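Structural description and commentary
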Amino acid sequence: VNQIDVNSTARGKVFVPPEQGKKVSLSRVLGPGHVWALGVGIVLVGEFMGWNFAVGKGGAVAALTACWLAGILYTCVAMIDSEITSTVAAAGGQYAQAKHIIGPLMAFNVALYLVMAYTMLEVSNAIVAGDLLQSFATDLGIPGNVDKRAIIVLTIVGLSWFNYRGVLATLTLNLVITAIAFISIAVLFFYIKPWSAGQNEQLHSLLTGLPYGTLGVLASLHFGLWFYLGIEGTTQAAEEVRSPARSLPLGTMTGMITLLIAATATWYIGSSLMPWEYLGQSITPLYDAAKLTGNQYLEVFLFFGTLFATFASANGCINDASRAWFAMGRDRYMPIWFGAVHPKYRTPYRSVVFFVPIAVLFAVSTPLDQTITFSILSGLLGYTLMAISIFLFRRKWPLKSIDRGYVHPFHPIPSLLLMALCCLAYFAVYLGYGTQLLAMMSFYIVASAWFVLHRYKYVRRGDQFTMPWPRPQGY
Amino acid sequence: VILLFNVAAWSIAGFLMALMLFDLIRVNKKYSEDYLLSSHEGDIVDTEEAERAEGLL
């Protein structure tokens, strides 16, 4: 019943209209490499820009501490996510997990966090792409002004078009450009010879301890999240990977290892080449670092590395936001119209198109730091729920009651650690963006009230639980 | 040069958006809503068929 409609002819494969009673669903064509590209692609832009604001909050040493604390937080996220998602392999990722483990209201909230986090991140990337091309043209001395809005709109529409046309091409593109961006960081790292005594002396001379004390370390945690924000997006591909139980944990964990290496190398490059007062305010720290080496080839390479990382991130975010919205539409948490799949391209095409005008409107009307903060806050709310989710998952379905593709070690230490670090991060965000934090919380409370009082009556309650699991313990 | 670049960026963006909207309307008209909405969470798609369709096999 579930076969795709393709016929071979003398001119190659052609698509034929479906017969009555046939079904269409997302295409299972991805491997672990695509999962890696989705997760790392979304995040790697944080190494090229954004992380360095942590330096401005508390100095280079505080930024390194924040980098590793956030690394622990995200390692916990990746481990917990891998275990649950290797069992709940459905589009929507954490939304589908929350729906099965906690309940509909939590699932609705998690889906909103996901949609907000990815859309705001996509918007941030589009803004950065505009800034980047504008400044590159200025650096080259080309007369005239690059129209930033044209770049923003082209980035959003162009990448949405890729997403509309099929997931395999979209994430293969992500794999290539993410790999190039990662290689550019590695090349710059080795170019400055971190093993040489001269470079290490320079680093030590630039390190100034903790200019704002331990509170600076806490404050820098806000932007330390930027090193890894979005790695949990790998789970959105759950319904499109060939072997979810293998590919998702493998892609997510290798992605996390890649990011830990890239984050530490990035910190070393930035902190050993620039004083913290400058580094803490730089818009494109790695590109600036490449300029400081005096090597023009490296400068151009890092420009393209930065640009590719920006595109990869926006590309992955469009993929993830549309899957989360599609999953909600399919369960009638949102109008079911969004739950449609394109018969030829096998993508959630209506959801992809729906986010184009929304992203463009935010990109041309909202400042970059606001969109970044909305994204971080939404992500943080999702991580907090993950810590609760794994406790309930293990309690309701103990290890031998259902098959798991991956079992994370040392439970419950990762979830307790995750909860503690999330609390620290909330405090860090509150220090810098308290009003936005409270505004976001209010938004989610109002949205929850709308869901409970209005929307939930449209949901077919029995149909939304699809996993072939035994009855949970205690029920 | 920059003017040309700006015009090209707007034009390509407009063209791609029009392509997507045109295709969206075409697909919505051509297929029944029941078929387009027939995807259900937990359905397993035949992997081999999907790979063949994507040209992997």
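Look above for the structure.
Residues numbered from 1 in each chain as written. Chains lettered and ligands numbered in written order. Predicted model: local features only at pLDDT ≥ 70, side-chain atom pairs only at ≥ 80, totals over all residues. Heavy atoms only, no water.

1. Let's talk about the overall build of chain B
- Looking only at helices and strands, chain B has 3 helices and 0 strands in total.
- Each helix and strand of chain B, ordered N terminal to C terminal, gives the series α-α-α.
- Looking at chain B as a whole, 39% of its 57 residues are labelled buried.
- Accessible surface for chain B amounts to roughly 3400 Å². Of this, 67% is attributable to carbon and sulfur atoms. (Helix = DSSP H or I, 4+ residues; strand = E, 2+ residues; numbered from the N terminus. Buried < 20%, exposed > 50% of the residue type's maximum accessible area, 1.4 Å probe, protein only. Areas by Shrake-Rupley, 256 points an atom, 1.4 Å probe, with all protein chains shown as cover.)

2. Some points on the overall build of chain A
- Helix and strand counts for chain A come out as 16 helices and 2 strands.
- Radius of gyration (C-alpha) of chain A: 22 Å, near the 23 Å computed for a compact globule of 475 residues.
- Along the first, second and third principal axes, the C-alpha atoms of chain A reach 70 × 60 × 40 Å.
- Put simply, chain A shows about 17300 Å² of open surface, and 66% of that area lies on carbon and sulfur atoms.
- Positive and negative side-chain charges of chain A, numbering 30 and 21 respectively, have mean locations separated by a distance of 13 Å. (Rg over C-alpha atoms; globule rule 2.2 N^0.38 Å. Lys, Arg positive; Asp, Glu negative; His and termini not counted. Charge placed at Lys NZ, Arg CZ, Asp CG, Glu CD.)

3. Points about the packing of aromatic side chains
All names here are of chain A.
- This model, assessed by the stated rule, comprises 33 aromatic pairs over all chains.
- Pairing Trp325 with Phe355 gives two aromatic rings, centres 5.4 Å apart and planes at 80 degrees, and the pair type is edge-to-face. In this pair, Trp325 is assigned in helix α13 (residues 296-330) and Phe355 in helix α14 (residues 349-365), connecting sequence segments 30 residues apart. Neither Trp325 nor Phe355 differs from the other in exposure class; each is buried.
- With a centroid separation of 5.4 Å and an interplanar angle of 55 degrees, the aromatic rings of Phe451 and Tyr456 are classed as tilted. In this pair, the class of Phe451 matches that of Tyr456, namely buried. (Phe/Tyr/Trp six-rings, centres within 6.5 Å; stacked < 30°, edge-to-face > 60°.)

4. Focus: helix α3 (residues 53-85) of chain A
Residue and element names in this part refer to chain A.
- Compared with the 48 Å implied by 1.5 Å per residue over 33 residues, the 32 Å span of α3 between its first and last C-alpha is markedly short.
- At Gly59, α3 shows its largest bend, some 120 degrees.
- Within α3, 24 of the 33 residues are buried, which leaves the element mostly enclosed by the surrounding structure. (Expected span 1.5 Å × (residues − 1). Bend = angle between axes of the 7 residues up to and from the residue.)

5. Some points on the environment of Pro343 of chain A
- Position of Pro343 of chain A relative to the elements: it lies in the loop between α13 and α14.
- When the C-alpha atoms of Pro343 of chain A and Ala263 of chain A are compared, they prove to be 41 Å apart, with 80 residues separating the residues in sequence.

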